[in-house]
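Inside the fold
Residue-level listing of the chains:
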Number of protein chains: 2
Amino acid sequence: MSSKPLKWVPIGGLGEVGKNMMMFEYDEEILLIDAGIMFPESDMHGIDAVIPDYGFLKNKRDRVRAIIITHGHEDHTGAITHVVRDFPNAPIYATPLTRGLLEVKLKDARVLDRSKIHTIATDGEIEVGPFRVEFFRMCHSIPDNVGLGITTPAGLIVHSGDFKFDHTPVDGKPSNFAKLAEFAGRGVLALFADSTNAEIAGTTPSERAIEPTFEHIFRDAEGRVIVATFASLVSRVQQVVNVCDVYGRKLALAGTSMVENVKMAQKMGYLDIPDGMLVRLEEANKMKPDSVAIMATGTQGEPSAVLGRMAVGKHPVISVMPGDTIVMSAHPIPGNEEYIHRIINRLFQRGAEVLYDPVAKVHVSGHASQEEQKLLMSLIRPKYFIPIHGELRMLKAHARLAHELGIPRDRTFVVENGTPVEFVDGQARQLDRIPGGYVFVDGSGVGDIGKAVIRDREVLARDGFVTVVIRRDRDGRLAEKPEIITRGFVYMKDSEPLLQAMSQAVADALKDITDKTDESAIRERATEALSKMIYNETKRRPMIVAIVA
Amino acid sequence: MSSKPLKWVPIGGLGEVGKNMMMFEYDEEILLIDAGIMFPESDMHGIDAVIPDYGFLKNKRDRVRAIIITHGHEDHTGAITHVVRDFPNAPIYATPLTRGLLEVKLKDARVLDRSKIHTIATDGEIEVGPFRVEFFRMCHSIPDNVGLGITTPAGLIVHSGDFKFDHTPVDGKPSNFAKLAEFAGRGVLALFADSTNAEIAGTTPSERAIEPTFEHIFRDAEGRVIVATFASLVSRVQQVVNVCDVYGRKLALAGTSMVENVKMAQKMGYLDIPDGMLVRLEEANKMKPDSVAIMATGTQGEPSAVLGRMAVGKHPVISVMPGDTIVMSAHPIPGNEEYIHRIINRLFQRGAEVLYDPVAKVHVSGHASQEEQKLLMSLIRPKYFIPIHGELRMLKAHARLAHELGIPRDRTFVVENGTPVEFVDGQARQLDRIPGGYVFVDGSGVGDIGKAVIRDREVLARDGFVTVVIRRDRDGRLAEKPEIITRGFVYMKDSEPLLQAMSQAVADALKDITDKTDESAIRERATEALSKMIYNETKRRPMIVAIVA
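Each chain has its residues counted from 1, running along the sequence as written. Each chain gets a letter, beginning with A, and each ligand a number, beginning with 1, in the order they are written. Reporting of local features is limited, given that this is a predicted model, to residues whose pLDDT is at least 70; pairs of side-chain atoms are given and counted only at 80 or more, and all residues count toward the totals for whole chains, interfaces and linings. Think of the side-chain values as coming from all heavy atoms in the structure, minus any hydrogens and water.

Before going further, it helps to spend a moment on the overall build of chain A. Scanning chain A from terminus to terminus reveals 15 helices and 26 strands. Oriented by its inertia axes, the alpha-carbon framework of chain A measures out at about 90 × 70 × 50 Å. Under the scheme applied here, a residue whose accessible area is under 20% of the maximum for its type counts as buried, over 50% as exposed, and between as partly exposed, the area being computed with a 1.4 Å probe on protein chains only. For chain A, the proportion of its 549 residues judged to be buried stands at 58%. Contact between two residues is taken to exist if any of their heavy atoms lie within 4.5 Å; hydrogens are not considered. Considering only intrachain contacts with a sequence separation of at least 6, the fraction spanning at least 24 residues in chain A is 72%. Working definition of accessibility: Shrake-Rupley area with a 1.4 Å probe, residue cover restricted to the visible protein chains. Accessible surface for chain A amounts to roughly 21,700 Å². Of this, 48% is attributable to carbon and sulfur atoms. Charge-centre separation for chain A: the mean point of 67 positive side chains lies 2 Å from the mean point of 74 negative side chains. Each helix corresponds to a stretch of at least 4 residues labelled H or I by DSSP, and each strand to a stretch of at least 2 residues labelled E; elements are numbered beginning at the N terminus. Counted as positive: Lys and Arg. Counted as negative: Asp and Glu. His and the chain ends are not counted at all. Just so you know, the charge point we use is NZ for Lys, CZ for Arg, CG for Asp and CD for Glu.

Structure (structure tokens):
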């Protein structure tokens, strides 16, 4: 034991605590874990992605000894290009497949050559500063996923990473129970564990649980089978390859990220695809429908992904037709349900049969449910328990489980992003929240959009805007009727009387102006009169901009 | 049998087919069923509600013989004030509680005196034109809900209305199985049935299934219990009243619609509340927390409803405090999940305990699941089956059940809103879709917002707008650097160099204009230069408005 503090901070990102990034700091030496992005919430208008706000590390950049990426999913890797730019001297550690997926990203962003990536085996070990980090395999919906055992001068920390306990994983490589037991033997100061499914009773089914359904679908389908899933769900690709093999179908891939990831995973030996099975999408189109399957992206309702385009008849190669069986093999990320359902409805409209949860068992979660979460706690027997990787409601549910298992309330810390927990002399306590939050990515801009701009977009989305152009004559009086221009407010062609009345309202408000009236006063009077008149007439509150020409 | 056709049309409204309104027409005489609204989809920016587009009936208004409202929920009653204005001569028929809920709405809109409402018993019967309509009780999450048996010259139609088969309903009044069997005996031409839960296997639990959980919550809660639910869920109010009675708590109501509906339902005898149990919200606030419960609105994440205000600390009377137990006793309407979860997280942040599905069994669906849907078909044994009240995917799932039960594919019609089905000489066929869709309500405007305006709002929501003001001198040349005004695009104060460059780009594009260059050419050139320059610099596409002053 040392009397210096070990500090843990879950960093920025939306809702899910510590999901996109977290840090450990001891004696001014820093270890970062993960570099992910989140989908924006639906009222973050126009935002493309949200990355963790690690601005508080600005003056400590050279003290970051390592960045460890636990697995290859977007919410753990998506911010890697930003992180590489901002911490140019920190080495990155990842398991082989994770490294492969990172390199696809870094190459696309042309920063691969300045990245220092090291491959670590799934049972590897590294020493960085005061930290000794032992990797251990944990099952998830992607191969080469790891948890971390971090030996620090303050004690042993176990971080589950994303996990489930799958006893029959697709790649045949189960979670490393022996290592978990070994940690318990050494004595664990704190367990940080995945809370995603803490609201779900029971045990998450094995990835293999979907195979009977897939067998059934491929056996009975009279036309093409189109399986949509995440591009990074390498094990699902293997499962589709296997069933294609059994039923003698060729396989085509649709979507850039799907094509790139499969190519890389195959090259690295993570996908076992029989020679000659893969065909190009254009070829697949010419083959007999019952001799081909297609894997595509777009399960989250994204209009620009393959499935979204197919649904509106705008994919350049694939047209949905009667006889097609389309399988939605992914769960909806919360907030996307409405868009996903719309796509399912549209695919039905085009005559396809669509299979999705709960109508067919075509997807299972990659995260542990309550019984597995309890098992992890029982195996590890930690002194302190910190639920992570979840919204506050999930952390609360996970903490409730810990209490049921006898971990006392004062040894359980439910904190939100930005709130550190400090360990000194075997005791933990919560510190004050570090200011900051998350950073918006919009187009090529990173962090240039703040809450004020989002608020303006909210107003514009709701009621549009009205511009009034006020032209003055030489005496400073109104030269003509104020001109009204609107967008997103009313359909201008059908609203001539309203627009006339709006112009008149401004004219009335400005009837006594002279060359002594200053412009800001004119703008203010015009805006006030217009906004009042518009609200009375329409009960709407568009944004108003008055221009004095 | 007659050889004139009977025509059925599910009318407008969003996704859910025939939910908000449907019509039967025989020999130019029309029967309308329901007058509901839908919540707008999340990309219908700024829209407050969506009502069915019954514009195709414009020239047939006087042929509407009756409007029947099957029960008192918003998606069946919410457009009643519009319907009363547009069909002033059509009598409205509703069961007692439904009538009470309609009258609350009509009174608020000051059109009660011009409405002709008739009360019909839940086993009542009316003759309207060529239709004989027999009402029959069906269980749902509101009392006085009915299905309809409609005897027409073309045959007997059975319409399930919203339903579940609850053998132990809160009001003690189960579905009218005898009537269903009697219809079957007479021979049913077509069954129209609720598809909401056609994707869900098994049987929907009884409303009573939540009572043990509520007992448990009220017994153990050390502070206030705040139950949030729909204002129209009268049976849930009764259940909370019952458990308040057992555990000696007073009950306060929060939310105008909750207060109004409870007052009306109590007056009409649909709620049995012990004398002295109801207290005002302000009083409740002064009482000992463990002696009071509150029922509130806002389960759908609406920021302006009671729960939404409580979550951000802005309710004028109730402040959430540690010790409060908040129960979310409603299911999320699809599309609202994200907002609901945000509210749950915020209530946790304020120290409350929050209980919701699936963490606690505090709500059950009001709609039949697959086994009940099969039972209805088996009871009725219709010649034709038409799934209604659901999105296309649900209708498809419901049709699949019908096929499993032996109803042939060519006697099952899965159609979308606006597509008529015609019955002649005992045969049914689908007709061409009637043009139309739905009508947006925005502020006080009904139907003045179309797709073009929504598209503009979409652009504005994503990237905001840029206005450039171009001032010319006497020679028609630029008098000064073009002025740039933006909203929702970038934070203007931090973006001076970008704004300067934008102004310069316009100046460059207009450097050779003279008094001969006309205004529209100037606007076009400025817009083009600006949009290109902005996309190159920022990868954003704001709306651009050029004004020549």
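More follows now that the structure is in view.
Attention shifts here to the relation of the copies chain B and chain A. Alignment of copies: least-squares fit on C-alpha atoms of residues with pLDDT of at least 70 in both copies. Turning chain B through 180 degrees and shifting it by 0.0 Å along the axis lays it on chain A, with an RMSD of 0.0 Å. Between the two chains, the operation in question is that of a two-fold axis. By C-alpha distance to the rotation axis, the residue of chain B lying nearest is Ala 461 of chain B, at 2.3 Å. A symmetric contact is evident, with 100% of the interface residues of chain B recurring at the interface of chain A.

With that settled, consider helix H14 (residues 496–509) of chain A. Residues and elements named next belong to chain A. An expected span of 1.5 Å times one less than the residue number is assigned to each helix. The end-to-end C-alpha distance of H14, which contains 14 residues, comes to 20 Å, matching closely the 20 Å that a straight helix rising 1.5 Å per residue would cover. Those residues of H14 not exposed but buried are Leu 498, Leu 499, Met 502, Ser 503, Ala 505, Val 506, Ala 507 and Ala 509. The inward-facing, buried residues of H14 abut strand S24 (465–470), strand S25 (483–487) and helix H15 (519–538).

It is worth spelling out the packing of H14 of chain A against H15 of chain A at this point. Residues and elements named next belong to chain A. Taken N-terminus to C-terminus, the directions of H14 and H15 make an angle of 145 degrees; their axes are 9 Å apart at the nearest point. The handedness of the crossing between H14 and H15 is right-handed. Counted together, Leu 498, Ala 501, Met 502, Ala 505, Val 506 and Ala 509 of H14 and Arg 525, Ala 526, Ala 529, Leu 530, Met 533, Ile 534, Glu 537 and Thr 538 of H15 form the full contact between these two elements. Ten residue types, Ala, Val, Leu, Ile, Met, Phe, Trp, Tyr, Cys and Pro, are classed as nonpolar, four, Asp, Glu, Lys and Arg, as charged, and the remainder, Gly among them, as polar. Of the residues in the contact of H14 with H15, the class split is eleven nonpolar, one polar and two charged. Axis angles are defined between N-to-C directions and span 0 to 180 degrees, where every axis is a line fitted to C-alpha atoms and, for a helix, only to the segment in contact. Should the near helix be turned anticlockwise from the far one by less than a right angle, the crossing is termed left-handed; should it be turned clockwise, right-handed.

Another point: the sheet that holds strand S23 (residues 445–446) of chain A. Residues and elements named next belong to chain A. A pair of strands is treated as paired once DSSP finds two or more bridges between them. Read across the sheet, three strands follow the order S4-S22-S23 without closing on themselves; strand pairing throughout is antiparallel. The outermost strands of the open sheet, each flanked by one partner alone, are strand S4 (49–52) and S23. Pairing between strand S22 (residues 438–442) and S23: two bridges, direction antiparallel. Opposite Val 441, over in S23, you have Val 446 as the bridge partner.

Here we come to the side chain of His 140 of chain A. Residues and elements named next belong to chain A. Examined against the element boundaries, His 140 turns out to sit in the loop between strand S9 (131–137) and strand S10 (146–152). Whenever two N or O atoms come within 3.5 Å, that pair is a polar contact, provided that in protein one can donate a hydrogen and the other can accept it, and provided that, for residues adjacent in sequence, both atoms are side-chain atoms. Engagement of the side chain of His 140 in a polar contact is seen with the side chain of His 73, the distance being 3.2 Å. A polar contact is formed between the side chain of His 140 and the side chain of Asp 162, at a distance of 3.3 Å. Beyond its immediate chain neighbours, meaning those up to four positions away, His 140 contacts His 71, His 73, Asn 145, Asp 162, Phe 163, Gly 366 and His 367.

Further remarks concern the environment of Arg 110 of chain A. Residues and elements named next belong to chain A. On the secondary structure map, Arg 110 appears in the loop between helix H3 (96–108) and strand S7 (117–119). Since its relative accessible area comes to 73%, Arg 110 is described here as exposed. Considered as a pair, Arg 110 and Lys 539 are 429 residues apart in the sequence and their alpha carbons are 51 Å apart.

Residues and elements named next belong to chain A. Between 30 and 60 degrees the pair is tilted, below 30 it is stacked and above 60 it is edge-to-face, where a pair is any two Phe, Tyr or Trp rings, Trp via its six-membered ring, whose centres lie within 6.5 Å. Scanning all chains against the criterion turns up 19 aromatic pairs over all chains. A ring pair is formed by Tyr 384 and Phe 423, whose centres lie 6.1 Å apart and whose planes are at 75 degrees; its orientation type is edge-to-face. Of this pair, Tyr 384 sits in strand S19 (residues 384–388) while Phe 423 sits in strand S20 (residues 421–424), and the two are 39 residues apart along the sequence. With a relative accessible area of 3%, Tyr 384 lands in the buried category. The class of Phe 423 is buried, set by a relative accessible area of 0%. Through pairs of rings, three or more aromatic residues link up here, namely Trp 8, Phe 24 and Phe 192. Whether a charge sits over a ring depends on NZ of Lys or CZ of Arg being within 6 Å of the ring centre and within 35 degrees of the ring normal. Over the aromatic face of Tyr 535 sits the side chain of Lys 539, whose NZ or CZ is 5.2 Å from the ring centroid.

All right, on to the sheet that holds strand S15 (residues 292–296) of chain B then. Residues and elements named next belong to chain B. The strand order across the open sheet built from five strands is S14-S15-S13-S16-S17, with neighbouring strands paired in parallel fashion. Only two strands of the sheet have a single neighbouring strand rather than two, namely strand S14 (250–254) and strand S17 (353–355). With strand direction ignored, the average angle separating the axes of adjacent strands in the sheet is 20 degrees. Pairing geometry for S14 and S15, over five bridges, is parallel. Bridge pairing in S15 places Ala 254 opposite Ala 296. Lying on the sheet, helix H5 (residues 211–220) is in contact with strand S13 (225–228), S15, strand S16 (325–328) and S17; it crosses S13 at an angle near 150 degrees. The strands touched by helix H7 (residues 256–267) within the sheet are S14 and S15, with S14 carrying the most contacts at an inclination of about 125 degrees.

Turning our eyes to something else, we now look at the layout of surface pockets. In this approach, a probe sized like a water molecule rolls over the atoms, and the result shows the empty space that is left. Definitions used for this entry: grid spacing 1 Å over protein atoms alone; cavity, a set of points where a 1.4 Å probe fits but cannot get out; pocket, an open set with protein on both sides within 12 Å along at least 5 of 7 lines; lining residue, one with an atom within 4 Å of a point. Grid points are joined across faces, edges and corners, and a volume is the space filled by probe spheres set on the points. There is about 650 Å³ of room inside the second largest pocket. Forming the walls of the second largest pocket are 28 residues, and the residues nearest its centre are Glu 353, Leu 355, Val 359 and Ala 360 of chain A together with Arg 400 of chain B. Listed by contribution, the elements that provide at least two residues to the lining of the second largest pocket are helix H5 (211–220) and strand S18 (353–355) of chain A together with helix H12 (392–404) of chain B. For the lining of the second largest pocket, the per-class residue count stands at 13 nonpolar, six polar and nine charged.

What follows is about the pattern of salt bridges. For side chains of opposite charge, pairing can occur when their charged atoms come near one another. All names here are of chain A. Any Lys or Arg side-chain nitrogen found within 4 Å of a carboxyl oxygen on Asp or Glu counts as a salt bridge. Under the defined criterion, the tally for this structure stands at 76 salt bridges over all chains. Arg 429 is paired through a salt bridge with Glu 422; the nearest N and O atoms lie 3.2 Å apart. On the basis of relative accessibility, which here comes to 11%, the residue Glu 422 falls in the buried class. Several salt bridges converge on common partners, so that one network encompasses Glu 125, Arg 132, Glu 134, Lys 179, Glu 182 and Arg 186.

This part covers the pairing of S10 of chain A. Residues and elements named next belong to chain A. S10 sits mainly inside the fold: six of its seven residues count as buried. Summarising the sheet, S9 and S10 pair through six bridges and their orientation is antiparallel. Its bridge partner being in S10, Arg 132 is matched across the sheet by Thr 151. In this structure, S10 lies alongside strand S11 (residues 155–159), joined through five bridges in antiparallel fashion. Within S11, the position partnered with Thr 151 by the bridge is Leu 156. Counting the residues in the hairpin turn of S10 and S11 gives two residues.

Looking now at the domain arrangement of chain A. Interface size, as often reported, equals the accessible area lost upon joining of the parts. Taken domain by domain, chain A consists of domain 1 (6–202 + 365–446), domain 2 (207–356) and domain 3 (464–548). Throughout, the edges of the domains are those of an automatic or database domain assignment. With centres defined by C-alpha atoms, the gap from domain 2 of chain A to domain 3 of chain A works out at 54 Å.

Our focus in this paragraph is the pairing of S19 of chain A. Residues and elements named next belong to chain A. Taking burial as the measure, the five residues of S19 include five buried ones, the bulk of the element. One ladder, built from five bridges, connects strand S12 (residues 190–194) with S19; its direction is parallel. Bridge pairing in S19 places Ala 193 opposite Pro 387.

The next thing to look at is the interface of chain B and chain A. The partner chain A presents 63 residues to the 63 residues of chain B that form the contact. The term buried area refers to how much accessible surface (probe radius 1.4 Å) is lost by two components on association, counted for both of them together. Of the roughly 5,400 Å² buried between chain B and chain A on both sides combined, carbon and sulfur atoms contribute 53%. For the chain B face of the interface with chain A, the top three residues by lost area are Glu 338, Arg 393 and Arg 540 of chain B, together amounting to 11%. Applying the counting criterion to the chain B and chain A interface returns ten salt bridges. Counting the contacts that link chain B with chain A gives 33 residue pairs in polar contact (both at pLDDT 80 or more).

This next bit is on the confidence of the model for chain A. The predictor attaches a confidence to each residue, and that confidence, scored 0 to 100, is pLDDT. Across chain A, the average pLDDT comes to 95, with 99% of residues at or above 70. Confidence estimates for the predicted assembly give a pTM of 0.92 and an ipTM of 0.89.

Residue and element names in this part refer to chain A. Along its 13 residues, helix H6 (residues 234–246) runs 19 Å from first to last C-alpha, staying within 8% of the 18 Å computed at 1.5 Å per residue. Within H6, ten of the 13 residues are buried, which leaves it mostly tucked inside the rest of the structure. All buried positions along H6 are accounted for by Val 234, Ser 235, Arg 236, Val 237, Gln 238, Gln 239, Val 240, Val 241, Val 243 and Cys 244. The secondary structure elements touched by the buried residues of H6 are H3, H5, strand S13 (225–228), strand S14 (250–254), helix H7 (256–267) and strand S16 (292–296). Positive backbone phi, approximately 65 degrees, marks Gly 248, located one or two places after H6.

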